[in-house]
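# Close look at the chain arrangement
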Amino acid sequence: RVPALRAAGAEVVVVLAHAGIDPAATAPGAENAALAVAEVEGVDALVAGHTHLAFPGPDHAAARAVDPAAGRLNGRPATMPGAGGRALGVIELALVRDGGRWRVDGGHGRLVRPGAASGEAAGDLALAARLAPAQSAALARIRRPAGESRVALHTHFAALGRAPAVQAVAEAQRLWLAEAVAGTEWAGLPVLSAAAPFRAGGRAGPAHFTDIPAGPLQARHLDDLYPFPNALRAVVVTGADLRRWLARSAAAFARIAPGARDAPLLAPGARAYTLDMIAGVTAEIDLAAPPEDPARLRRVLRHGREVAPEARFLMATNSHRLAAGAAPAEAVVPLPRPVTNRETLDALAARGPLDPPSEPAFAFAPMPGTTAILATAPGARAHLADIAPFAPEDLGTDAEGFLRLRLHL
């Protein structure tokens, strides 16, 4: 498409790519292919994204075609300003006039942090005045009353299968889907619902957790529970499919030897958004087994009974999870109308106060004499009663600001 843009008269081509920076991402269809995009002939500059990391800066080491000091990818000026407004990406291009057209003759990318002393600060007041009407409208929308919750909705213990915020989303999807298939050929199938925590720490830091107090809800709270415009999807799964689905979540945990002391609970590089919690079943995970061992997922229970491999269910999930290959295309069930996952949450809040199921989505096989460390938000201290079976011990905060909890497995 770049040649077509040039042919149409574009003199400078800047690509906005929802892709991260990964030198190893060389295969066709790679997810974090910003380097490959920057290598395309005719691209002058690039704005990358997706991974919530920052570029230029220390988030990316210098490597082939990656210059984290000058802000260049494959020699092209580039920036990736993180997420959530944490920085402003600035690309400066040197332009020269060549044969009646502009040509890029160098440049670099950089980041400007909020509150940083820089030349950009001079126009802040004028810009704020111009944006004031839009800001007021946005605040009015997110402060709109949206219901009530009987319990605190948080993700502090998502890695322990105890996350009311996630369980509320799963319950919203489950109820909407159960009503949507009433009277159809799928009405007789038990309805399950998969949801994962979107805000549960990780590289975004200790402030990146959902923590909504019990009481009145505003629209911004529902935005926090489900911040993405994913579409609801329904798929038919068997008990065997269900085990494979849950095994992907179980792989996020580190292998812990029986009797180990203060072992990290999560595997290096594990991402909380892979921890699907499936409303309607409970999984038991053996942390002593290797992540790739099918025996790591000991049992999958529904109403206290083991789920048979041939059992059939209707699973509510989201379009992003299916795009990642969670289920085959032929298993997808058509819905009566398009609906986003967030809309199902709105519908649940309109029914009455939110009160998600309190049963954990998964549990660990007992490991007497073994302890593990969970890194969570300092705000988790107010909710330690939620994980009383682990006899949590407060070990204080680490250098990044995460609260370290010792858990007795």
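Preceding this paragraph is the structure being described.
These numbers come from a predicted model, not from an experiment.

## As for empty space enclosed by the protein
Counted by the stated rule, this structure contains 2 cavities of 30 Å³ or more. In this model, the largest cavity occupies a volume close to 60 Å³. Lining the largest cavity, in full, are T155, A165, V166, V169, A196, P197, F198, R199, T210, D224 and L225. The greatest single-element share of the lining of the largest cavity, amounting to 3 residues, is contributed by helix α4 (residues 164-180). The class makeup of the residues in the lining of the largest cavity is 7 nonpolar, 2 polar and 2 charged. The space that makes up the second largest cavity amounts to roughly 40 Å³. L246, S249, F253, D276, A283, I285, L297 and F362 together form the lining of the second largest cavity. Grouping the amino acids of the lining of the second largest cavity by side-chain chemistry returns 6 nonpolar, 1 polar and 1 charged.

## Quick notes on unusual backbone geometry
In this structure, P56 follows F55 across a cis peptide bond, with omega equal to 0°. In this fold, P56 is placed in the loop between β3 (54-55) and β4 (66-67). Although it is not a glycine, N74 sits at a positive phi angle of roughly 50°. Take N74: it is sitting in the loop between β5 (72-73) and β6 (76-81). The exposure class of N74 is partly exposed, given its relative accessible area of 23%.

Each value, and the rule that gives it
Residues numbered from 1 in each chain as written. Predicted model: local features only at pLDDT ≥ 70, side-chain atom pairs only at ≥ 80, totals over all residues. Heavy atoms only, no water. 1 Å grid on protein atoms, 1.4 Å probe; cavity = no way out; pocket = protein on both sides within 12 Å on 5 of 7 lines; lining within 4 Å. Points joined across faces, edges and corners; volume = space filled by probe spheres on them. Helix = DSSP H or I, 4+ residues; strand = E, 2+ residues; numbered from the N terminus. Nonpolar A, V, L, I, M, F, W, Y, C, P; charged D, E, K, R; others polar. Buried < 20%, exposed > 50% of the residue type's maximum accessible area, 1.4 Å probe, protein only.

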